Amino acid sequence: MPQSPEGIRPAIYTLSVYTQCRVADMSIGHTLLGLLEAGPRHGYDLKRTFDEKFGHDRPLAYGQVYSTMSRLLKNGLVEVDGVESGGGPERKRYAITDAGITDVGAWLSQPEKPEPYLHSTLYTKVVLALLTGRRADELLDTQRAEHLRLMRILTQRKRKGDIADQLVCDHALFHLEADLRWLELTAARLDQLAREVRR
Amino acid sequence: MMTPAGTLLAATDLRKAFGTTKALDGAEFSIHPGEVVAVMGPSGSGKSTLLHCLAGIVPPDSGSITYAGRELTSLNDAERSALRRTEFGFVFQFGQLVPELTCVENVALPLRLTGVKRKEAERTALHWMEQLQVEELVAKRPGEISGGQGQRVAVARALVTAPRVIFADEPTGALDSLNGELVMQLLTEAARSANAAVVLVTHETRVAAYSDREIVVRDGKSRDMERIV
Amino acid sequence: MSRLQVWARDLGMGTRFAFGGGREGWTRTLLTGVGVGLGVALLLISTAIPGALAQRYERGDARSTLNSERADAPGPDTLLIARIGQTYRNKDIEGNMIRAEGPDAPLPPGLKRIPGPGEMALSPALDELLKSSDGALLRERLDARVSEIVGAPGLVGPGELLFYLGSDTLRKNGPEDYRVQRVTGFGHDTDREGLDPVLMLMVVLTFVALLMPVAVFIATAVRFGGERRDRRLAALRLVGADGRMVRRIAAGEALAGSLIGLVLGAGFFAVGRSLVGSFSLQQRSVFPADLDPAPWLAVLVALAVPAAAVAVTLFALRGVVIEPLGVVRTTKPSRRRIWWRLLLPLVGIGLLLPMGGRGNDHGRFNQWQVAGGVVLLLIGVTVLIPWLLERFVAKMSGGPVSWQLAVRRLQVNSGAAARLVNGIAVAVAGAIALQMLFAGVEGEYTKSTGQDPGRAAVAVIVNRDAQTPMDDLAQRIAAVPGVTRAVPLTSAHAAHQVPADEETVQVTIGTCDALGEVATLGSCKEGDAFVVTGSTSRDDVYGATAKPGDELFVGDVRGYGSASASGTTDRPGPAKWKVPADARTVPSREDPTGQLRSGLLVTPSAAPKEIGSFPDARIFVQVDESGPNTLDLARNAVFKADPFVTAMRLRDTKEAAGYSSIRTGLFFGAIAVLVLIGGSLLVSQLEQLRERKRLLSALVAFGTKRSTLSLSVLWQTAVPIVLGLVLAAGAGVGLGAVLMSMAAQPLRIDWASVLGMTAAGAGVVVVVTLLSLPPLLRLMRPDGLRTE
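Residues numbered from 1 in each chain as written. Chains lettered and ligands numbered in written order. Predicted model: local features only at pLDDT ≥ 70, side-chain atom pairs only at ≥ 80, totals over all residues. Heavy atoms only, no water.

Naming follows an unreviewed UniProt entry, where chain C appears as ABC-type antimicrobial peptide transport system permease subunit of Streptomyces avidinii. As recorded by UniProt, the Subcellular location (unreviewed entry) comment attached to chain C reads in full: "Cell membrane". (UniProt positions renumbered as here; feature names shortened; annotations may be inferred.)

**Q** What is the right way to look at the overall build of chain C in this model?
**A** Within chain C, the regular secondary structure consists of 19 helices and 21 strands. Of all 788 residues assigned to chain C, the portion counted as buried reaches 51%. Within chain C, counting contacts between residues at least 6 apart in sequence, those at least 24 apart form 84% of the total. As presented, chain C carries roughly 35400 Å² of accessible surface, and 60% of it is formed by carbon and sulfur atoms. (Helix = DSSP H or I, 4+ residues; strand = E, 2+ residues; numbered from the N terminus. Buried < 20%, exposed > 50% of the residue type's maximum accessible area, 1.4 Å probe, protein only. Contact = heavy atoms within 4.5 Å. Areas by Shrake-Rupley, 256 points an atom, 1.4 Å probe, with all protein chains shown as cover.)

**Q** Can you walk me through the state of the cysteines in this structure?
**A** Defined simply, a disulfide is a covalent bond joining two cysteines at their sulfur atoms. Residues and elements named next belong to chain C. Tallied over the entire structure, the rule returns 1 disulfide over all chains. Across a sulfur-sulfur distance of 1.9 Å, cysteine 512 and cysteine 524 are joined as a disulfide pair. An S-S torsion of about -75° defines the bridge between cysteine 512 and cysteine 524 as left-handed. With a gap of 12 residues between them, cysteine 512 in helix α14 (residues 512-515) and cysteine 524 in the loop between α14 and β14 (529-533) connect regions that are remote in the sequence. Assessed through its relative accessible area of 27%, cysteine 524 is described here as partly exposed. (Disulfide = S-S within 2.5 Å.)

**Q** I keep staring at the packing of aromatic side chains and nothing clicks. Help me out?
**A** What characterises a pair of aromatic rings is the spacing of the ring centres plus the angle enclosed by the ring planes. Within the structure shown, the criterion is met by 6 aromatic pairs over all chains. With a centroid separation of 5.9 Å and 15° between ring planes, the pair formed by Tyr44(A) and Tyr62(A) is classed as stacked. Here the residue Tyr44(A) occupies a position in helix α2 (residues 43-55), and Tyr62(A) occupies one in helix α3 (residues 62-74), the gap between them amounting to 18 residues. Overall, the relative accessible area of 34% leaves Tyr44(A) in the partly exposed class. Overall, the relative accessible area of 39% leaves Tyr62(A) in the partly exposed class. A centroid spacing of 5.1 Å and a plane angle of 85° characterise the contact between Tyr67(B) and Phe88(B), whose relative ring orientation is edge-to-face. Separated by 21 residues along the polypeptide, Tyr67(B) in strand β4 (residues 62-67) and Phe88(B) in strand β6 (residues 88-91) bring together distant segments of the chain. On the basis of relative accessible area, Phe88(B) is assigned to the buried category, the value being 2%. (Phe/Tyr/Trp six-rings, centres within 6.5 Å; stacked < 30°, edge-to-face > 60°.)

**Q** Is there a simple way to think about the side chain of Arg144(A) in this case?
**A** Residue placement: Arg144(A) occurs in helix α6 (residues 136-160). Among all residues touching Arg144(A), those that are not within four sequence positions of it are Leu180(A), Leu183(A), Glu184(A), Met40(B), Glu214(B), Val216(B), Arg218(B) and Met225(B).

**Q** Looking at this model, I keep getting lost on the sheet that holds strand β3 (residues 91-96) of chain A. Mind explaining?
**A** What holds strands together in a sheet is hydrogen bonding between their backbones, with the strands either parallel or antiparallel. Residue and element names in this part refer to chain A. Pairing is antiparallel in the open sheet, where 3 strands are placed in the order β1-β3-β2. At either end of the open sheet lies a strand with only one pairing partner, and these are β1 (41-42) and β2 (78-84). Pairing analysis gives 2 bridges linking β1 to β3, with the strands arranged antiparallel. Directly across from arginine 41, in β3, lies its bridge partner tyrosine 94. Packed onto the sheet, α3 meets β2 and β3 and runs at close to 125° relative to β2. (Pairing = 2+ DSSP bridges. Axes fitted to C-alpha atoms, helices over the stretch in contact; angles between N-to-C directions.)

**Q** Can you walk me through the nonpolar core in this structure?
**A** In globular proteins that are soluble, nonpolar side chains generally tend to be buried together. Core analysis: the largest hydrophobic core is formed by 76 residues, its most contacted members being Leu352(C), Val374(C), Leu378(C), Ile424(C), Val428(C) and Leu735(C). Both domains that furnish three or more residues to this core are identified here as domain 1 (1-64 + 195-330) and domain 3 (335-447 + 656-788) of chain C. Those residues in contact with Val428(C) that lie beyond four places of it in its chain are Leu674(C), Leu725(C), Ala728(C), Met757(C) and Thr758(C). If you look at the next biggest cluster of nonpolar residues, it comprises 51 residues, including Ile31(B), Leu50(B), Leu696(C) and Ala701(C). (Core = buried A, V, L, I, M, F, W, Y, C linked by side-chain atoms within 4.5 Å. Domains from an automatic or database assignment.)

**Q** I tried to follow the confidence of the model for chain C on my own but got confused; where do I start?
**A** Detailed conclusions should not be drawn from predicted coordinates in areas where pLDDT is low. Residues with a pLDDT of 70 or more make up 81% of chain C, whose mean pLDDT is 77. Contacts of residues 562-569 of chain C to residues separated by more than four positions or lying in other chains number 6 contacts, the stretch itself having pLDDT below 50. (pLDDT = per-residue confidence, 0-100.)

**Q** Please clarify how helix α6 (residues 177-193) of chain B should be interpreted in this entry.
**A** Because an α-helix packs 3.6 residues into every turn, residues spaced three or four apart end up facing the same way. All names here are of chain B. Over its 17 residues, α6 extends 24 Å from the first C-alpha to the last, a length consistent with the 24 Å expected when each residue adds 1.5 Å. Looking only at α6, the buried set comprises Gly180, Glu181, Val183, Met184, Leu186, Leu187, Thr188, Ala190 and Ala191. Following α6 by one or two positions, asparagine 195 adopts a phi angle in the positive range, close to 55°. (Expected span 1.5 Å × (residues − 1).)

**Q** Would you explain the interface of chain B and chain C in this entry?
**A** Much of the literature gives interface size as the accessible area that the parts lose upon coming together. The interface is formed by 29 residues belonging to chain B together with 29 residues belonging to chain C. When the buried area of chain B at its contact with chain C is split by residue, Glu100(B), Arg112(B) and Leu113(B) rank highest and sum to 23% of it. On inspection of chain B and its partner chain C, the count reaches 3 salt bridges. For the pair chain B and chain C, the interface holds 9 residue pairs in polar contact (both at pLDDT 80 or more). Among the elements that make up the side of chain B that touches chain C, the one with the highest residue count is helix α3 (residues 103-113) of chain B (5 residues). Of the residues that constitute the side of chain B that touches chain C, the class distribution is 13 nonpolar, 6 polar and 10 charged. (Buried area = accessible area lost by both parts, 1.4 Å probe. Salt bridge = Lys/Arg side-chain N within 4 Å of Asp/Glu carboxyl O. Polar contact = N/O pair within 3.5 Å; in protein donor to acceptor, adjacent residues only side chain to side chain. Nonpolar A, V, L, I, M, F, W, Y, C, P; charged D, E, K, R; others polar.)

In structure tokens:
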């Protein structure tokens, strides 16, 4: 279960939250794990595939890949499948363990805490679900229900609160509404997206 | 599907086609007394048709609708009309107020249809207009008031017969955010205080956030979002 | 661009919208076109009727011998002609017996040759009647061989019943033989006596009363689909058209509709015209070719209708502001003012009143003043109705929901309702006024004949030169099945000296039974004679009387026979006769034809002998009314015995022909106008319902009974119409009263016609409501709730 929505103060919407680092840090490990589900890969391959599918304007640094992989290795979510030594640096091939697969599944089925700029995480989740043959529509609906749950709480608070509360809640509500619209639109375009990512 | 205990209005496996278009394709629905349920979904998904079927305005092709233990599909048109007059209230997006009648006469109309005397009906109407904060509009005609005021008058009218279910089809669809919020706030508060259930068809999530529960209709199939989490 | 170009451009654009707006645009234009077309057709027919009547008269004159050239003696170019008109069932048949006296005898119009003995020429309608099973009895009367069918130039109408019977025995017994005329040509060339001024007044009024509602109707028809049009115009404003432009474009649309209407109207007229030949109204029919509107009137219609369409559209848009984002009706239209609305009818009455009482001494009316007064009065009705309706509904409240819905709607927009009612109100007001006038004038134009059909159904009037002996004829008639009694009476002139220069004595000869029909005899036996008293008639040729024992000359006492130009008369001179000394004096009594006799009554054995022919002889025939053919069997027997003998059916009253035809015209005209207006009411009603589709569905959704909404539609039509009818009845009675004073008639309200016309107007409401119910029920289905 995500963090209890009651714990969310509208005041969390501070400048720091608008950076993506935290969100990205949290999800890179799961993303790389998910990519390994298709088969064992070298670290370099993992970086390239990640950049291709999710990196866009912000490619992953090698250092980040290796530090993440060693963390996953330590947690027993991946194992080293083999080592290639050639002309260049030593290249490890990683494979996902059963514990890793379970971890990916749990991550995908758990709704994200509704937050601004969530879409990069959600997008990653949707694509991974599609790539790994999991139910992307379920994922979206779960997220949708979670969003609406938070919106109900905010609406409730707004009804009881003073004008300042109302304004702050409204701000959150409008952002959540935008997310929800995105969820709706994505749900409507799932088929198209599935064709794209499986190409 | 069994009707859950304590439900006021429930529907199972509703099917309805207009020509070759399937508007409802096995939709389910249930609502408890005093509950506010939002029906969402993309346009053309069949959410308005679901509302029309639940309210007994349109008979479904197949499926069952039970209201307070009565099977709606076995009632004839006159019986369903009588049910709508006495047990249900309605709010639509627009075009529902009779332009020639004054606001208080519009609000009193459902009561008068059930045979209540004019004076008494208008007294009750005035009470509900106060609840909806539109009492200053009594003598005005719908053409002379704003859209938000019009919707509040419409809500007052929906509540005037003390219905057990209020059907609201995009009640804020033609309003700006502020007026929409106000209408929703007053509608849900009034409904809760009267212990009336509200079936709220909307495509706006902020409006749906006034509900207790959400049902999404896609391609004629319904999905209860509560069951997911 | 010049003003003219601007107008042309915008009108043209409107025309394109009228035709281009997809199916909906077409429907609207077509609807307007049909409405205007019906009005135009009615206008064209009205303008054509005077011409058609003139044509009828002309043909009638062309074949008349009333004033045609005559000859005293037979010659190569002379024709003998005698009218032997017949009656069959209730139909009058025009008939002539003709005989050519030479090879160059004139040919009656429509004939190729003169029918010989044993031949006859028939009009197509009579030919058809004789061939049908209906005409079986008549075939026994007219059994000559048919030589030809009379052509159209010889007929006043296609349905006319007419025959020319050829003869070789027809002769003229001296110049005083008025039955037979010797002519050298056909044609009647006198100035037609103008219609009586009162009749003229009624004709003028009939046209005014019928054309006014047609004008109102056309004004309504060009506004069909107005609300949708306004929305389209708003869209034009959005893309940059200014207020004046959209008005001109609207005018262009109306113009297009009215032009279609003109074409359709011409079409409807042509169809109606071709059908008119197969209709007969009270034995009057019109040739399609005669029904041609006067060219200048047709041109006037063709110009006035489009101009009126444009004017009405611009006028209707007066209170409407078309903004780019929608149509704004000036929400609170200025309260309708009363003064100018009252002014119109008052001026109308002012024009009419000074003419009071001019009708009786055949004084002439100023037709323009009459028409103007009536038009103003009727327009007054149309402008008063909106004001009255507004005032009336403003005060109303309460009642059931259906009533409340209707009344509130009328309060908000009483103008639309008033417009719909105007046409009906004008038609009803005009019709009531006219019916009242007719009913009042009826006494004058319906003459009491004094006849008593109870005592004798038929009076057979035998001409002086009849060939058949009276008793013989009476026996033949009595032998007809169904005839219960046939009483012959003959009369002769008598005088104290010859030639008689003073009034003569009437000597009536008949059996005791027959004489009992003309006097109260007391006792009578064969051989008796009586002196009659009690005749008040002074304009009779008989005026003198005689005492018992007087010596009289009886017969041709005025000496006509001896004065005959030909000198070939073989009639005996007057015979001497002595009034029996024992003649009793008895009081006279009206005979079945209403005549009071004077002079002497004599039974046959006491009558003078050898007096030659009788100046007057008649047989009173009583029939058993249960036999439907008895009358015609008797007529057949009479015709066979002597075609010149007329069998006259006795009736209580007789109407002037001019009157009854106007009245039928008015009746059918009023009905046609009401139907027409009912049509436009229906169209507007449906349009208004379509506009409210959403609202109707919403009302049904929250449980409104369909019957409530249907009733509200009924009230919505009924309230203004009832109000309009009340005003119309009032105005009609008022106008009728003014008109009756003009015709110098005592005021009498003809409640039957007031009720009849208002009932017809109310019937229109019911029919319109019933016809608008199916679409209403369709509109109340929940489809209307769908937003997509």
